[in-house]
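Summary of structural features
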Amino acid sequence: MLRADFNVPMEDGKLVDDFKLRALLPTLELIYKNSKKCIILTHFGRPKNQDPNLSTKPLADWLCAHNFDVGFAHKIDQIKTIDNKFVLLENLRFFDGEDSGDESFAKSLAELGDIFVFDAFGVSHRKTASTTKLPKLFDSEQKFIGLLMAKEVDALTKFVKSPLRPYSIVMGGVKLEKTDLIKSFVNLPCELRPDNILIGGGLANKLMDDPEGKKLHEELLVMSQQNSVQLVLPTDFVERKDIGSESIAKFGQIISESRRVFCNGTMGVFEEPGFEAGTREVLRKICEVSKSGMTVAGGGDCVRAVHKFGLELGFSFVSTGGGATLAFLTKNDFGQSAKTP
Ligand code: ADP
Ligand code: MG
């Protein structure tokens, strides 16, 4: 049984970017070669009820196109009746017990497999039945982390433990919740703490314009001053849908003086022509740092931008996680080896 993260961007039932699926190919091939049958579990999107647009069925087609013999099960009790080597289960979030972390739901899944492989890095920080309860139902000799999980943990551990400085974090996108993670970065012990935090995108607008955002901005300013972190926000914009040229230059300068950069952000609405420059130029500057330092990109949309501008080879590492990558980098227990389920 494999818990994977097949939560990939789709539009009108078509895959937009299969980066996360390709990253799982080594695990899928290894299991395919070495087992009689494997049940694949994943969540997909954030369905309310059983939204047919968020079925995992199209993902079975992707597996089929990659020469895996695969069947699809709408319900758990169908799994036993399917003879294909891979059986992909319907969206875990269609089942009542997944998000609530229900133990009996986890048990009904665990009964179907002898060996459990966890390779869903993207949701490794979430507390759901399949990520926390299910692994516990297998003995230690029966459960493993997958190759992708190992690769992510290895690359990100090297990144956080690196002594290279200045260390800069570039944050963007739209989610105001990211402010909590920015606070976590600022409050890390000094050996793990970044020197600079650059904030762009809709997130920066919210911190400057919204009443709730302004309050968070104040709190962030105080904390960062206390902890000697330089916080930098944009000073000019293109219709508030991208950062302006002065900000691009300022961000670029700080980035080029850095030796280690983590990027979770698009600086603007990079999907629309006319608002690409901020994201593209900032990403390009980060790639230059890779030559003498370390660079990591993470986050669904951020990585989509990395691919759109053809920069994937320019980064030291491109993570398949967003929230999981941020949770990993802001974790404060690198004295021990990183914890996995
Ligand atoms: P990620 O997936 O990389 O963590 P988010 O999901 O938080 O990032 O946000 C990505 C989205 O943010 C992109 O689709 C982009 O169009 C949007 N965005 C960036 N800047 C702005 C802005 N100034 N106004 C509106 N949307 C923005
Ligand atoms: Mg996103």
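Preceding this paragraph is the structure being described.
Calculation criteria
Residues numbered from 1 in each chain as written. Chains lettered and ligands numbered in written order. Predicted model: local features only at pLDDT ≥ 70, side-chain atom pairs only at ≥ 80, totals over all residues. Heavy atoms only, no water. Buried < 20%, exposed > 50% of the residue type's maximum accessible area, 1.4 Å probe, protein only. Helix = DSSP H or I, 4+ residues; strand = E, 2+ residues; numbered from the N terminus. Arc of directions from axis to C-beta. Pairing = 2+ DSSP bridges. Contact = heavy atoms within 4.5 Å. Axes fitted to C-alpha atoms, helices over the stretch in contact; angles between N-to-C directions. Near = heavy atom within 4 Å. Areas by Shrake-Rupley, 256 points an atom, 1.4 Å probe, with all protein chains shown as cover.

Of all the positions in helix α3 (residues 57–65), only Leu59, Ala60, Trp62 and Leu63 are classed as buried. The arc that holds the buried residues of α3, viewed along the axis, is 155 degrees, so those residues lie on one side. Looking one or two places after α3, you find asparagine 67, whose phi comes out positive at around 65 degrees.

Glancing now at the sheet that holds strand β15 (residues 294–297). An order of β11-β10-β9-β14-β15-β16 is seen for the 6 strands of this open sheet, with the pairing classed as parallel. The sheet is open, and its two borders are formed by β11 (230–232) and β16 (317–318), each paired with just one other strand. Two strands pair when backbone bridges link them, and strand β10 (residues 196–199) and β11 are joined in this way by 3 bridges, in the parallel orientation. Directly across from asparagine 196, in β11, lies its bridge partner glutamine 230. Set on the sheet, helix α7 (residues 147–161) makes contact with β9 (167–171), β14 (260–264), β15 and β16; between it and β15 the angle comes to about 130 degrees.

Okay, the sheet that holds strand β5 (residues 70–73) next. Hydrogen bonds between backbone groups are what pair the strands of a sheet, and the pairing can be parallel or antiparallel. If you trace the 6 strands from one edge of the open sheet to the other, you get β5-β6-β4-β1-β7-β8, paired in parallel fashion. Of all the strands in the sheet, just β5 and β8 (143–145) have a single pairing partner and so form its edges. Taking the axes of each pair of neighbouring strands and ignoring which way they run, one obtains an average angle of 25 degrees across the sheet. When strand β1 (residues 2–4) meets strand β4 (residues 38–41), the two strands line up parallel, connected through 2 bridges. Opposite leucine 2, over in β4, you have isoleucine 40 as the bridge partner. Across the sheet, α7 is in contact with β7 (116–119) and β8; its angle to β7 comes to roughly 40 degrees.

Within helix α8 (residues 178–186) the residues assigned to the buried category are Lys178, Thr179, Ile182, Lys183, Phe185 and Val186. Taken end-on, α8 shows its buried residues confined to a sector of 155 degrees, consistent with a single buried face.

A few words now on the site of ligand 1. Every one of the 18 residues lining ligand 1 counts as a neighbour, but Lys178, Arg240, Glu271, Asp301 and Cys302 are closest to it. When ligand 1 is considered free in solution it has 580 Å² of accessible area, and contact with the protein chains removes 84% of it. Among the elements of the structure, α9 (201–209) and α13 (300–308) are those that each provide at least two residues to the shell around ligand 1.

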